[in-house]
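Take a look at the letters that make up each chain.
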Amino acid sequence: IWVHDIPLHKMAASLGQAIFQAQEAADTNLKQYKEMKKKEHQLDLRWLEAYRSQDPHFGLERMEALLALRGNPHIDCRVIHVAGTNGKGSTIATLSQLLRQAGLRVGVFTSPYLIHYNDQITIKGEAISDQDLQTYLDSYQQLLQAEQSKAVFQGLTEFEVMTAIAYDYFAHEE
């Protein structure tokens, strides 16, 4: 059997070599993953835990108020919102690659994070640094402590805080 002028036994050998290389790459990735898991990020997320909620209250009022306190950074960002049950990760990866190949600077915010808390906010495929994320976290902590008595911020969630931080980061890193 011939496929595109290549004997089947040569294709099988090439396929076997490709599988072997893929396995080696997977082993390397697993080692890197284990090393990354060992690395302790130096983020203080304790205050943010108070905003974790299993009973979110839907509406944009809290987000609008929070973003307004930060100068509405979302207005400076062009956004593609990817939502749904399945395929978001691969869709985002494909769109990100296409847009970067077109010369655009691409920021991605995903929730929940996969390995490290920083992973949910990236620009050009690079996660926000511990130092930058901690700076934003500290800033938002101070801001929310000063505004905590306002009714609009009652029920604010961790997701909403992180979404605002992502917009803030994207707007200021451009």
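Report on the accompanying structure. This is a predicted model, so every value here is computed, not measured. (Residues numbered from 1 in each chain as written. Predicted model: local features only at pLDDT ≥ 70, side-chain atom pairs only at ≥ 80, totals over all residues. Heavy atoms only, no water.)

Considering the nonpolar core
For step 1, the next point in the chain: Membership of the largest hydrophobic core comes to 30 residues, with the highest contact counts inside it found for Leu48, Leu137 and Ile165.
For step 2, the next point in the chain: Counting only elements with at least two residues in this core, the list comes to α2 (61–69), β4 (121–123), α4 (130–147) and α5 (158–173).
For step 3, the next point in the chain: The element that contributes the greatest number of residues to this core is α5, accounting for eight residues.
For step 4, the next point in the chain: The residues touching Leu137, leaving out its near neighbours within four places in the chain, are Leu43, Asp44, Leu45, Trp47, Leu48, Met162 and Ile165. (Core = buried A, V, L, I, M, F, W, Y, C linked by side-chain atoms within 4.5 Å. Buried < 20%, exposed > 50% of the residue type's maximum accessible area, 1.4 Å probe, protein only. Helix = DSSP H or I, 4+ residues; strand = E, 2+ residues; numbered from the N terminus. Contact = heavy atoms within 4.5 Å.)

Here's the deal with the packing of α2 against α5
For step 1, the next point in the chain: Packing of α2 against α5 brings their axes to within 10 Å, and their N-to-C directions diverge by 40 degrees. By the criterion of interaxial angle, the relationship of α2 to α5 is oblique. Judged by the twist between their axes, the crossing of α2 over α5 is right-handed. Here Arg62, Met63, Leu66 and Leu67 of α2 come into contact with α5, specifically with Glu160, Val161, Thr163, Ala164 and Tyr167.
For step 2, the next point in the chain: In terms of residue class, the contact of α2 with α5 is made up of six nonpolar, one polar and two charged. (Axes fitted to C-alpha atoms, helices over the stretch in contact; angles between N-to-C directions. Parallel < 35°, antiparallel > 145°, perpendicular 65-115°, else oblique. Left-handed = near helix turned anticlockwise from the far one by under 90°. Nonpolar A, V, L, I, M, F, W, Y, C, P; charged D, E, K, R; others polar.)

A word on the pattern of salt bridges
For step 1, the next point in the chain: With the rule as written, the count across this model stands at five salt bridges.
For step 2, the next point in the chain: A salt bridge links Arg70 to Asp168; its shortest N-O distance comes to 2.6 Å. Here the residue Arg70 occupies a position in the loop between α2 and α3 (88–101), and Asp168 occupies one in helix α5, the gap between them amounting to 98 residues.
For step 3, the next point in the chain: Take Asp168: its relative accessible area is 0%, and that puts it in the buried class.
For step 4, the next point in the chain: A salt bridge links Lys150 to Glu147; the nearest nitrogen and oxygen atoms lie 2.7 Å apart.
For step 5, the next point in the chain: Given a relative accessible area of 41%, Lys150 falls into the partly exposed group. (Salt bridge = Lys/Arg side-chain N within 4 Å of Asp/Glu carboxyl O.)

Details of the sheet that holds β4
For step 1, the next point in the chain: Read across the sheet, three strands follow the order β3-β4-β5 without closing on themselves; strand pairing throughout is antiparallel. Looking at which strands have only one partner, the edges of the open sheet turn out to be β3 (107–109) and β5 (126–127).
For step 2, the next point in the chain: Those strands touched by α5 are β3 and β4, and its axis lies near 15 degrees from that of β4. (Pairing = 2+ DSSP bridges.)

Considerations on unusual backbone geometry
For step 1, the next point in the chain: Put simply, Ser111 and Pro112 share a cis peptide bond, and its omega is 5 degrees.
For step 2, the next point in the chain: Within the secondary structure, Pro112 sits in the loop between β3 and β4.
For step 3, the next point in the chain: Of note in the backbone geometry, Asn72 takes a positive phi value of approximately 55 degrees without being a glycine.
For step 4, the next point in the chain: With respect to the helices and strands, the residue Asn72 is situated in the loop between α2 and α3.
For step 5, the next point in the chain: Classification of Asn72 by relative accessible area gives partly exposed; the value is 26%.
For step 6, the next point in the chain: Unusually for a residue other than glycine, Lys124 sits at a positive phi of about 55 degrees.

Function cannot be read off these values alone, since they describe shape.
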